[in-house]
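Summary of structural features
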Amino acid sequence: MDNTALQWTTGGNAAWFGQTSVYYYGNDSAQSGNIGDNQNTWVQTTVTGSGILKFYWKVSSEQDLDALYFYIDGSRRAMISGNTSWVQQTYVLSSGTHTLKWMYTKNRAITSGSDAGWLDNVVYTPRT
């Protein structure tokens, strides 16, 4: 995700992975793991201190039923679903330690599109 300063962990029913077919920046991005019905796959990192978080994400999924979610400290902040282009998100983080989590979830119904989410160019800039 083009930010080697952050420590990443992944989990759920399958791990996220790096790939070079779909990307916004730098010839690669992270893609959600290959999951089945009623499963999820997530990637997360932790940042400390107040600052600005920016990232790009996209999804190819069943509209409104399979989705890519973004959480800050366990609180859902955003969701994308359907077939999107790359979208930039920006968040102002307060002081303290924050867990940032992106989770792709699939329901038990239809498979649509690539059934995946992507994350790229995650940048956290601490305030000085």
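Structure report, in brief.

Digging into the nonpolar core
Ranked by internal contacts, the top residues of the largest apolar core, which has 24 residues, are L53, F55, W57, F70 and W102. Among the secondary structure elements, those contributing two or more residues to this core are β4 (39–48), β5 (51–60), β6 (67–72), β7 (75–81), β8 (87–93), β9 (97–106) and β10 (116–126). By residue number, the principal contributor to this core is β5, which donates 4 residues. Core analysis: the next-biggest nonpolar cluster, separate from the first, contains 5 residues, A67, Y69, Y71 and M103 among them.

Brief notes about the sheet that holds strand β1 (residues 9–12)
Across a sheet, paired strands are connected by hydrogen bonds in the backbone, their directions being either parallel or antiparallel. With antiparallel pairing, the 5 strands of this open sheet are ordered in space as β1-β4-β9-β6-β7. Strands at the two margins of the open sheet, each flanked by one partner only, are β1 and β7. Each neighbouring strand pair of the sheet contributes to a mean axis angle of 20°, computed without reference to strand direction. Taken together, the 6 bridges between β6 and β9 define a ladder with antiparallel strand orientation. If you follow Y69 over to β9, its bridge partner there is M103.

Conventions used here
- Residues numbered from 1 in each chain as written.
- Predicted model: local features only at pLDDT ≥ 70, side-chain atom pairs only at ≥ 80, totals over all residues.
- Heavy atoms only, no water.
- Core = buried A, V, L, I, M, F, W, Y, C linked by side-chain atoms within 4.5 Å.
- Buried < 20%, exposed > 50% of the residue type's maximum accessible area, 1.4 Å probe, protein only.
- Helix = DSSP H or I, 4+ residues; strand = E, 2+ residues; numbered from the N terminus.
- Pairing = 2+ DSSP bridges.
- Axes fitted to C-alpha atoms, helices over the stretch in contact; angles between N-to-C directions.

Remember that the coordinates give geometry; whether it matters functionally is a separate question.
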